[in-house]
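Report on the structure
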Amino acid sequence: ADRSSPKESSRSPDMRAFFLLSLVGLVGLFGCNAPAKGGSRGIAIGDLAPEIATTDIHGNVFDLDALKGSYVLIDFWGSWCGPCIKEAPEIVAIHNNFGPKGLKVVSVAIEKTDKNWKKASNKLGYSWEHQLVEVSQFVRFNKIASAYEVTDIPSVFLLDKEGRVILSRSNGKEA
């Protein structure tokens, strides 16, 4: 008999509960919408998330693949985006509630310049490790946003432990 089976079985209900609570919490806060007409098409539920390999705000190499094994929330936002600022307390609450349980938050700031994001990030309480800043005049021309088919911000993707999209939401309008 496999000695790891009882241990795995005893953890399984906890992990299922965590997943279900996370899913219910995120759906409640963000909704689980089909891509909005005239907005982001988004990648499809069940798709493997496109790779993100870049440098984070601390100058460290960031590789999304390194987060496999954890649930990951990817938040596309901008300091100039009113709906993003309005949504920020919900992102912070998700991080505070689910981060200690293993959820990794990755914020991707799409900025017109590199001057305003830090002040906004600090003011909003974005304290998580994985923060990325991409300078781009238009969301749709940004390399990472394009890979996720994001044309509007805020846009949020929840990935499972294998890196597959399990929730996708966009309701912002590009300024």
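In the block above lies the structure referred to throughout.
Just so you know, these numbers come straight off a predicted model, no measurement behind them. (Residues numbered from 1 in each chain as written. Predicted model: local features only at pLDDT ≥ 70, side-chain atom pairs only at ≥ 80, totals over all residues. Heavy atoms only, no water.)

**A short note on the nonpolar core**
Counting 44 residues, the largest nonpolar core has Leu64, Ile74, Phe76, Tyr148 and Phe157 as the members making the most contacts within it. Among the secondary structure elements, those contributing two or more residues to this core are β3 (72-77), α2 (82-98), β4 (104-111), α3 (117-124), α4 (143-147), β6 (155-159) and β7 (165-170). Sort the elements by how many residues they give to this core and α2 lands first, with 6 residues. (Core = buried A, V, L, I, M, F, W, Y, C linked by side-chain atoms within 4.5 Å. Buried < 20%, exposed > 50% of the residue type's maximum accessible area, 1.4 Å probe, protein only. Helix = DSSP H or I, 4+ residues; strand = E, 2+ residues; numbered from the N terminus.)

**Some thoughts on the sheet that holds β4**
Strand order across the open sheet formed by 5 strands is β5-β4-β3-β6-β7, with mixed pairing between neighbours. Single-partner strands in this sheet number two, and they are β5 (130-135) and β7. Averaged over all pairs of adjacent strands, the angle between strand axes in this sheet comes to 15°, irrespective of strand direction. Lying on the sheet, α2 is in contact with β3, β4, β6 and β7; it crosses β3 at an angle near 165°. Contacting β3, β4 and β5, α3 runs over the sheet at an angle of about 130° to β3. (Pairing = 2+ DSSP bridges. Axes fitted to C-alpha atoms, helices over the stretch in contact; angles between N-to-C directions. Contact = heavy atoms within 4.5 Å.)

**Structural notes on the environment of Phe138**
The residue Phe138 is located in the loop between β5 and α4 in this model. Expressed as a C-alpha distance, the spacing of Phe138 and Thr151, which sit 13 residues apart in the sequence, is 8.5 Å.

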